[in-house]
Every structure is written in C-alpha cells, then in structure tokens.
Amino acid sequence: MQFGLSESQQMLKDNARKFFAGECPMEEVRRLMETATAYDEPLWKKMAEQGYTGIIFPEEYGGVGLGKVELALLMEEAGRALLPGPFFSTVPFAGAVIDAVASPESKKKYLAPICAGDARSTVAFLEANASWNFVDIHVSAVNATLTGEKLFVPDAAVADFIVVIARNGIFAVASNASGMQITPMLGMDLTRKLYRIEFQNTPAEKIGDVAALAAGFDIATTALVCELVGGMQRTLDITVDYAKMRKQFGKPIGMFQAVQHQCADMYLETESSRSAAYYAAWALEENAPDASVAVSIAKMYASDAARNVGNRGIQVHGGMGFTWENDVHLYYRRAKSSETAFGDSTFHRERIARLVIDADERLAKSA
Amino acid sequence: MDLNLTPEETKFRDELRTWLEANVPKDWGEWREKPLEESFPYLRAWQRKLYEGGWAAVSWPKEYGGRGATLMEQSLFWEEMARVEAPPMANSLGLGLIGPTIIAYGTDEQKKRFIPKILSAEEIWCQGFSEPNAGSDLAALQTEARLDGDHYIVNGQKVWTSYGWIGNWCELVVRTDSNVPKHKGLSVLLIDMKSPGVEVRPLKQMTGESEFNEIFFRDVRVPVANLLGKVNDGWNVAVSTLMYERGSYGARLHLIFKRAITRLIELSRKFQKDGHPAAQDPITRQKLAQCYAEIEIMRWNQLRAFSRVTATGVPGPEGSIQKIFWSELNQRLQQIAQEVFGPYGQLLAGDKDAVDNGIWSYGYLRTRGNTIEAGTSEVQRNIIGHFVLGLPRSY
C-alpha cells in the first residue's frame, strides 16, 4: 500500500507546475480575467501540445490514456495557478461526461476534437431552481430540439459545442445552433465566466443516456476539488510568506501564536483536503466500492476548507489582504464559485447520509 | 499511488488474522467494564500470548523480538486488533514508547536486562515526564538527580503518570545540570519503582477515575548504570520517546472511531428528535455525515503520512496534523452523540437508562483530555507553525 505519488506522477505534477508558472503567471491571470471570456488561444494550443486536453481519454480518440490520479495532479496545479478559461469546463467536465455516456461514433465526433485541442466545450446542467439533483431538471428534448433555460454554465461563450443535460438524455448543441442565446452572468470568480443559455427549439443531438451521467460527474467533481486544493496551497504559501516578512511591534507577525495557529489550521485543512481529493481520484480509478462516498466526502470537506483557508489567509494579511492588488481574493472568489458547483457541503453531507445512514438501514432491514 | 495491499502486506495480514481467530479471548466483553486493577492480570496474560505468538511488538527489529514490520504493516496490525475487538496489551507504554527508546539509546546490558521482560509483560513500564510546573514546557522540569559516587540521588515530583500504580519500572526525565540552558541539563534514568523513597498516589481526574498517578521521589538512589543515553542528552532521548507516542497513537484509532460512528448511527434510529428518529432529522444527519467523513479523512491523512515516512525515512509534515485531527474529531463525535441522546446522554454507568451502559457519558468527559494529553492542540499548532511552515519560534 502506497499513498504517495509515483515517480512519474511526481514528474507530471512538477512539469505542470513549471508549465503554468511559465505560461500563465499571475500577471497573465489578471490580464485574462479582465477580458470578456478569460480565454487565450495560444495558451490553449500549448496545453494541447502538453497532452493536457486529452489526459484521461482513450488513445483511440487521440487521448493520452492516463488515470484519474494523474488528472487530479494536473488539476491541482491548474488550481494553484488559478488557470483562467475553459480548461475545466472542456476536459474534466464536458470531456468526462462525453466519455462516460457517448457511443464510439459520438466520441469520435465530440471527444476527439477535445483531445486534439481543436474544440472547447462545457456542460449545461443547472436550471432556475439551482438544484444539483438530477430529478430537478425540467428541460426535456422534443423531436431533437431543446426549449428552456440553463444557468451558471461555465465558459459557454467560448464553447464550440455545449453538452446539455436534459431529463430524457444528454445532448450536444453546436455553438451556432439556431434559437440559442448565451448571455453572461456576473459571477464573483473573474477567471471562470458564467453564462445563462436560453434555448428556443434549438436543434440538439442526443449523445447518451442519463443513466451513465454520474460517472462523468464524479470525475468532474473530483477534478474541481483538486483545483480547490491547489488554490488552498497557494493561499497558504502566500500567507506564510507574508507572515514571515510583515513586521509589527518590531517582530514578524508570524512569531505571534494567534497568527501561527491560523496558519497551522490553514495547513491542516489544506492537507486534509488533499488526502480526500487524492483518495477520491484513486477510488474512481479503481472503481472502489466507496468511490461515490469518497467523492462526496472530498467535495464536502474541500468546499468548506477552501472558504476557511481563504478567510484565514485574508485575515492574516490584515489590510493588505483586503486590497485588490493582493492575489488572495482571486483564489477566494474561485473558492466560492467552486463551493457551490456540483453541490455545496450541505448538499454532499446529505448525499453521504443517504449513502451511509440510509443504505445501511436498508441493509439492516433486508437482513 | 496504489492503495491495494502488496503481496507481503496481504501475507502479513492473513497470518495475523489466522492467529487472532485462534487466539483472541472471547470473553473480553465481560472484563472490559471492570476497573483496570481487576482486569490487569487478564491483560498481562493476553500480552504474554501475543508475545509467544511473536505479535507483541511487530514494529521492533527482529533481533529484539519484533517483526521489523513496515508502518503499513503496523497499521494493519492495529486495524486487525481493533477488528476482532482484541483487548489492549498490559504493557502498552513499554511496547509502544519506552522499549523503542531503549533499543535506540540503551547499552547492550540495558537491552538484555529490560527488553525481554517488556515484551512478555513481566515488567510493566510507566513514564515520568510531566511535572506540576512542567507540562507543555517539559524542559522546565525540576526533578533533580545528583551524582553521588556510582548512584544518582533523585528528588522531585511527577504527575499524569499512566500505569504508575502498577509500574515496575519508570522512564524518568531528570535535571542533572541546572547551570546550563534548560534543554541541555536533562538526563533519562530507568528507575525501579520499588526503590526506597518512591511514593505513588492516585490522581483523580474529571471523569472520576484514576487512570493516572502522581509519583514522589525522596532521596531515591539509582545506579549510574541505569542512565539511558548520555548524561545531559536527556532532551533528545525524551523527544524520541514522544515521537513514538505521536507516531503510533493514531494508527489504532481509525477503526475505533469507525465503530463508534457506526454504533451512533444505529442508535440515531432509535432516539427521537421532534417525534421522529434522529436519523431522519435533517440537522442530525448533517452532523453525522460530517463526522463520518472526517473519520474517513483521518485514515487517508494517516496513510499519506505513513507513505511519506516509508519513502523518505523521516516523519513528514502530514504527521503533525494527526494529533490535532483525531483529538478534536473525537470531541465532536462525543458532542454529536450527546445531541442524539438528549437528556439520556448524561446518564452514567449504573443507571438503567444509561446509553450503552454509560460509555457515551464517560466518553464525553474523557475526550476533553484528548486535546491536552500527548501534547496540547496549542503545542501541536506551534509545532506546525515553526517546524512545518517555518514561522519564527513564538517562545
């Protein structure tokens, strides 16, 4: 049993860190977040050259065929860099959903261009009721057309096609499809833009059934948790550096236990989130019996931890932490957007309760 | 990353499982609730059995009667012991902390003299570290040892000593030089508890029991041959004992916590909240799920820490969060239990309506000690701040 990274996993992580530090430093993040879509084509092409756009997908569709743990490490580094743009929406979200639900023909059509770096995509799930329970989805396809509204869709404006979750199936809608209107929603996270999509008899191609959707969502959720872990680590690093350097009463503030203990708690929550994220990725890779519980545990814990780590990070920075100039708030904004995505901690605690308390009770009754 | 057991680990676990199935006492349930004074011979016999089977100290090197088990195997050992609800071993401090310290620092003679009897539970060990004026600031301890020919003369007082009442031997940290900075004047002595001048008194704790003792030393003569390690190098010896304490503590806790939350979930179907089972109350469900999740995370943190130590040979930064994580989690677990039980939660053993014969009311009180014993949460956070994050020392 070995719960550390293998040599090749460590290398992938180190390379990803170098890549993002070189190609997408904070100045670039700040430049992109001021643009309408936060998308940069040259950066996208470079990520595709690294194989990042096809990282977990089968080689027959042009993917690299690596596992969920490798995806986890890449997402952690992307999160640390606060990578703007549609990478999450396209690869571990739309790509994983397509990979989970679609036929080989549909994968050739939709997954292969993602792997090649030629297409960007996203998934439209939430509706006005903002529920992450599938039973609350109302949009339904009629004669291969969609009518209705989807909200909080990340990066929809730069997607070449949109994967739409409807009551009666998973559909692909081309960006130039008729009757589709995409308008920005002004989310707190400036690096990941959100959109409202209205469909009016919009032509849609069914690519799969909803039955297989959960597998794709588990991967996307875990990938998002890993991003949160990277963001927490960066927030912790910035904060500790500041606590060593900033002096008050003639001493570095990091010498005061009130400050040290804030940092220690940031560390505890970051490391615990990382343990949960890695375990979830491994459990998905191995199809472990507790994989779904593990994904919920990771999302539940990291959703709260990322907010706590951000709160503490800002507090330790004092006035500096409240400025636009300091980077901590950029991670804090991302943490809030990710906290609600795929269900917040309350949602996942209830999911855990259903899987653990209720399932156990059914078991007890049937015995 | 591969969380499946290796063939060697599987072999280790299966061998242990087979042995436990044949040997674990079936009547521990009848003894568990009795005072330790009464059950101690039973625990001693159980350790003796483990010793004869070669399972008393799996982490120790083979030449000292251990199995040279890896951290993962040690973790499997405690999991299997918890799985079959095996009784604890009588000499747990000797096996877990003091034996390894003697192996690391002792002379050949000391090893020959003490190690076999630690393993067989023939001699029980206790640990004389904390003093009334030296808790978190252990190096401020005042118990003094003065050299007199080939003996040290020991005077002072220790407190919070587990197994003091039954201990045959004590690993005692003393001050041998008071003219140097506090960390540099300490030494470790191995003291025969039957020596004239040693007095053990029970220390009644807030739970009402006396798990711990106070020990008084008045002109106690200790042969120089019983010095462990070098004179005035006692801080390093003591810290190494404490490292074993933090390392081995957590490994056995996951399954115990898991069993507790499983039982609590079971009970939450029986206890009512506003006219329906607590298990159906949305807020109770949230709290139970949070607790369940954190118990799982505790295990994953632990496995990462073990892998880190195995790979690098040194305890990694993950290790330092274990103590905070389990102790604070255990307190939250007990609080949630109290919320599920309502007024029944407070009933003590002996009341016919006490939940599980009072183990939960006891647990609620006992877990307050968890964030204090073996290094307070505050000290643990200082350790993370300074040694892990590199912040300047605060004291």
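Residues numbered from 1 in each chain as written. Chains lettered and ligands numbered in written order. Predicted model: local features only at pLDDT ≥ 70, side-chain atom pairs only at ≥ 80, totals over all residues.

Chemist: Hey, could you run me through the interface of chain B and chain A in this one?
Modeler: Accessible area lost during the coming together of the parts is what is often quoted as the interface size. Each partner contributes to the interface: chain B provides 40 residues, whereas chain A provides 41 residues. Sorting elements by how many residues they give to the side of chain B that touches chain A places helix 9 (residues 282-312) of chain B first, with 16 residues. Partitioning the side of chain B that touches chain A into residue classes produces 22 nonpolar, nine polar and nine charged. (Contact = placed C-beta atoms within 7 Å. Helix = DSSP H or I, 4+ residues; strand = E, 2+ residues; numbered from the N terminus. Nonpolar A, V, L, I, M, F, W, Y, C, P; charged D, E, K, R; others polar.)

Chemist: What is the right way to look at the domain arrangement of chain B in this model?
Modeler: Residue and element names in this part refer to chain B. Under the domain assignment, chain B is made up of domain 1 (7-90), domain 2 (125-232) and domain 3 (252-388). A separation of 24 Å is found between the C-alpha centroids of domain 1 and domain 3. Listed per partner, the contact involves nine residues of domain 1 and seven residues of domain 3. For the side of domain 1 that touches domain 3, the per-class residue count stands at four nonpolar, two polar and three charged. (Domains from an automatic or database assignment.)

Chemist: How should I be thinking about the sheet that holds strand 2 (residues 145-154) of chain A in this particular structure?
Modeler: Note on sheets: strands pair through backbone hydrogen bonds, and any given pair is parallel or antiparallel. Residue and element names in this part refer to chain A. One open sheet holds the three strands; their spatial order is 2-6-5, and the pairing between them is antiparallel. Among the strands making up the open sheet, the edge pair consists of strand 2 and strand 5 (180-185). Averaged over neighbouring strand pairs, the angle between their axes works out to 10 degrees when direction is ignored. (Pairing = 2+ DSSP bridges. Axes fitted to C-alpha atoms, helices over the stretch in contact; angles between N-to-C directions.)

Chemist: Even after reading the chapter, I still don't get the sheet that holds strand 4 (residues 169-174) of chain A, so can you show me in this structure?
Modeler: Residue and element names in this part refer to chain A. The strand order 1-3-4-7 describes an open sheet built from four strands, whose pairing is mixed. The two strands at the open ends of the sheet, each matched to only one other strand, are strand 1 (121-124) and strand 7 (205-208). The average angle at which neighbouring strand axes cross in this sheet is 30 degrees, direction not considered. Contacts between helix 5 (residues 87-101) and the sheet are confined to strand 1, strand 3 (161-166), strand 4 and strand 7, with strand 1 contributing the most and set at about 70 degrees to the helix.

Chemist: Sorry, what's going on with the domain arrangement of chain A here?
Modeler: Residues and elements named next belong to chain A. For chain A, the assigned domains read domain 1 (7-119), domain 2 (122-210) and domain 3 (212-366). Domain 1 and domain 2 are separated by 21 Å when their C-alpha centres are compared. The interface of domain 1 with domain 2 comprises 21 residues on the first partner and 19 residues on the second. Of all elements in the fold, only helix 2 (26-33), helix 5 and helix 6 (104-116) reach the threshold of two or more residues within the side of domain 1 that touches domain 2. Among the elements that line the side of domain 1 that touches domain 2, the one with the most residues is helix 5, at eight residues.

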